[in-house]
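Residue-level listing of the chains:
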Amino acid sequence: MKIQCIPEAFAFFNFFQLNDILNSFGGILDLVLSNDKRIYVLKAENSAVPCDSYHPALDIMVKLDNVSPLLDRSHNYFDFLHAPYTEICKFLDSFNWLETLMSLDVDKSANALYDALHFCILNFVPEGKKRAHAKFKTSHCPLDYAEFSTLRASYKAEYKKCHTAFLSRTESMLKSNPRSFWDFVRVHKSSNEIPHTVHFENIKSSGIESVSNLFSQYFNSVYVPPLSIDSPSSFLCHDLPST
């Protein structure tokens, strides 16, 4: 029975023997196999247990070029939990929102509100660190991933809970105080006025009279007047049978 040579078998998988420390008899019985060229082997000056003549104590070292930090400081987030909401409310209350939004359409009103909120986030909300996620991305350790996964699941559950509570509160306010809802709609809806320029079948009108004529032309094309009682009928007439 032939047995494949161990060094050749490991060399096939790109593993090589890195230990060249001889024992007291000039031989090597302890193999250190690796495919990482940064590993080197030295004879240990101190040993945990007494050494025999055949197996000297070894120090197996790994040379690392750049040591990655435990946390990646570039992973930041806005810590809304510790935000100064009193100052944020004072800042938002300093605007005359009714006067500001009345002159804007829906899109511009939304942009104005978003700009104010974005300013609040950048200037009032403190920044934090995604410590669990950054730690896992650096270490790739299963335990760090388990911690990150647990925190992420807790966040998703809390987010869903808050979203459900918000919808419930909004529906309740719609029933108890519908006037506030319709006030909001009236402020944000677009104008109902007829535009200054209208188009119909490649015809453009801008004056009051020409716009009226264009509307008349449009409705005349889709409106069918009802038949008059005195007008001749297009249906055939038949005599009713006598009783």
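Residues numbered from 1 in each chain as written. Predicted model: local features only at pLDDT ≥ 70, side-chain atom pairs only at ≥ 80, totals over all residues. Heavy atoms only, no water.

Q: For the side chain of serine 34, give the residues involved together with the corresponding values.
A: Within the secondary structure, serine 34 is located in strand β2 (residues 33–34). At a separation of 3.0 Å, a polar atom in the side chain of serine 34 contacts the main-chain amide nitrogen of aspartate 36. (Helix = DSSP H or I, 4+ residues; strand = E, 2+ residues; numbered from the N terminus. Polar contact = N/O pair within 3.5 Å; in protein donor to acceptor, adjacent residues only side chain to side chain.)

Q: Please provide a residue-by-residue account of the packing of aromatic side chains, values included.
A: Tallied over the entire structure, the rule returns five aromatic pairs. Ring geometry for phenylalanine 91 against phenylalanine 95: centres 5.4 Å apart, planes inclined by 85 degrees, an arrangement best described as edge-to-face. Classification of phenylalanine 95 by relative accessible area gives partly exposed; the value is 36%. Ring centres of phenylalanine 91 and phenylalanine 119 lie 5.0 Å apart, and the angle between their planes is 25 degrees; on these two criteria the pair is classed as stacked. (Phe/Tyr/Trp six-rings, centres within 6.5 Å; stacked < 30°, edge-to-face > 60°. Buried < 20%, exposed > 50% of the residue type's maximum accessible area, 1.4 Å probe, protein only.)

Q: An account of the packing of helix α2 (residues 85–93) against helix α4 (residues 106–124) is requested, with residue identities and associated values reported.
A: Relative orientation of the contacting elements α2 and α4 amounts to 145 degrees, with a least axis distance of 11 Å. In the packing of α2 onto α4, the handedness of the crossing is right-handed. The segment α2 lies against α4, with Glu87, Ile88, Phe91 and Leu92 engaging Ala116, Leu117, Phe119, Cys120 and Phe124. Here the contact of α2 with α4 is built from residues that sort into eight nonpolar, no polar and one charged. (Axes fitted to C-alpha atoms, helices over the stretch in contact; angles between N-to-C directions. Left-handed = near helix turned anticlockwise from the far one by under 90°. Contact = heavy atoms within 4.5 Å. Nonpolar A, V, L, I, M, F, W, Y, C, P; charged D, E, K, R; others polar.)

Q: With reference to specific residues and values, describe the side chain of asparagine 23.
A: The residue asparagine 23 is located in the loop between β1 (16–17) and β2 in this model. At a separation of 3.0 Å, a polar atom in the side chain of asparagine 23 contacts the main-chain amide nitrogen of glycine 26.

Q: Got a sec to walk through the confidence of the model for the protein chain? Specific residues and values, please.
A: Across the protein chain, the average pLDDT comes to 76, with 73% of residues at 70 or higher. The secondary structure element of the protein chain with the lowest average pLDDT is strand β6 (residues 127–129), at 66, and the one with the highest is α2, at 89. (pLDDT = per-residue confidence, 0-100.)

Q: Pulling in residues and values, what's your account of a nonpolar patch on the surface?
A: A cluster of nonpolar side chains, Phe78, Phe80, Tyr85 and Leu122, forms an exposed patch at the surface whose accessible area comes to about 380 Å². Assessed through its relative accessible area of 38%, phenylalanine 80 is described here as partly exposed. (Patch = residues over 30% accessible without salt bridge, like charges linked within 9 Å, V, L, I, M, F, W, Y side chains within 5 Å. Areas by Shrake-Rupley, 256 points an atom, 1.4 Å probe, with all protein chains shown as cover. Salt bridge = Lys/Arg side-chain N within 4 Å of Asp/Glu carboxyl O.)

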